[in-house]
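# Geometric and topological summary
Chain residues, written in single-letter form:
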Amino acid sequence: MGTQESYERARGTGRRALLGAAVLGAGGAVLGLPGTASAGARHGGGPGGLPVPAIIGHRGASGYRPEHTFGSYQLALDLGADIVEAGDLVPTKDGHLVCRHEPEIGGTTDVADHPEFATRKTTKVLDGVPTTGWFTEDFTLAELKTLRAVERIPATRQRNTIYNGRWEIPTFEEVLHWQDEQTRRRGKQVWIYPETKHPTYFRKLGLGLEERLAGILRRHGKDGRHAPVIIQSFEPSSIQRLDKLVGNPLVVLLSAANTRPWDFVESGDPRTVADLVTPKGLKEIASYARGIGPTLDLVIPKDAKGNLTTPSTLVADAHSAGLILHPYTMRDENVFLPTNFQKGTDPNAYGDVFGAFRTYFETGIDGVFTDNADTGLLAREDFLRR
């Protein structure tokens, strides 16, 4: 998560205007005033007919299965997710794109149990942070396929550990085949939402992500404006690069207000996320992207105790710029919820997640990433019934 084209000449015609209909459609519900229940009830007029607010399976159904596995992706669809985040894309040594949350895989695979890879453990500086472990770029695809996925946060999601070792690391090409198979089986278009991870880091290693991703999408006929693949990144320059390579809907991810995208750090751009979420910054993003994926704290800030406060103007400002908003990440456990929606003292117990969903939906967001798609679907039903 410098501008290029001028948002298809003031948003009236051209590729991005069509992408809006393809992604979330419903004209005014997406591009007009921020949310009401009646606007949220509309469905897109383009491929997929995605509802607003859309429920996006974060790394699949990662509240119930080890993330970025076909078990997690499959369950997200079974639970009713409108879109599946499949997956976070990182490269192998031999140039394949695989789905892992980070290039460091010590916490999401059983690599530490493989003595043949013990010497691969190393420390690297990843976006300015010294990180110790095993990295995908030091393995061939064949070597990675000998590993199996494990639960990333076992202390919080101990039940998920029963699935450790069941699934291998998927490649992005395998994800596209799975998408086609599920689309045929279910009789409706399955949508996915991949992310380019640490693209500046990998470009410096000679493993540029954008060209590889574009090439794969072209080979599978999924690089056009109606393709059911939305692409996201925390580095704006990655989205700008993709804007020149593919016609897919593109989304800029936005972290905390006081942070800087790593490509800004590398290029010497002094702006922070706070600058990007101003009307001026959002207008620039709209010149090369279809939407933003802000952290939920940018939508409704928290106070010093972690309670939600008054919503910011981000939703209205983004909609005024013609952008959709898919914030991240809703999770059911207390430890991840705002303080005023937590229940009891056990951080791993479920809190008042339905109340939290309702509060965020009321801001007019166009969708939300969630580890628990079933909860999100029920919360949307409650919200739209009001």
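Our structure's up above, just so we're on the same page.
Residue numbering note: each chain is counted from 1, following its sequence as written. For a predicted model such as this one, the threshold for reporting local features is a pLDDT of at least 70, and the threshold for listing and counting side-chain atom pairs is 80 or more; totals across whole chains, interfaces and linings nevertheless cover every residue. Excluding hydrogens and water, the side-chain values take into account all heavy atoms of the structure.

### Quick notes on the overall build of the protein chain
The way it works is that DSSP assigns letters per residue, a run of H or I at least four long becomes a helix, a run of E at least two long becomes a strand, and they are numbered from the N terminus. What the protein chain contains, in helices and strands, is 17 helices and 13 strands. Relative accessible area decides the class of each residue, using a 1.4 Å probe on protein chains only: under 20% of the type maximum gives buried, over 50% gives exposed, and in between gives partly exposed. Of all 386 residues assigned to the protein chain, the portion counted as buried reaches 57%. The protein chains shown are the only cover counted for residues, whose accessible areas, like all others here, come from Shrake-Rupley with a 1.4 Å probe. Summed over its atoms, the accessible surface of the protein chain is roughly 15000 Å², and 53% of this surface lies on carbon and sulfur atoms.

### Comments concerning the packing of aromatic side chains
By convention, a stacked pair of Phe, Tyr or Trp rings (six-membered ring in the case of Trp) has centres within 6.5 Å and planes under 30 degrees apart, an edge-to-face pair has planes over 60 apart, and any other such pair is tilted. Within the structure shown, the criterion is met by 10 aromatic pairs. Centroid distance Phe357 to Phe361: 5.6 Å. Interplanar angle 35°. Geometry classified as tilted. Taken together, the residues Phe357 and Phe361, both in helix H16 (residues 353–361) and 4 residues apart, mark about one turn of the helix. A relative accessible area of 1% places Phe357 in the buried class. The structure contains a cluster of three or more aromatic residues connected by ring pairs, namely Phe70, Tyr73 and Trp178. Charge-over-ring contacts are defined here by two conditions on Lys NZ or Arg CZ: a distance within 6 Å of the ring centre and an angle within 35 degrees of the ring normal. Above the plane of the ring of Phe139 lies Arg120, whose end atom (NZ or CZ) is 5.0 Å from the centre. In this arrangement the basic side chain of Arg331 is found over the ring face of Phe336, its NZ or CZ atom lying 4.8 Å from the centre.

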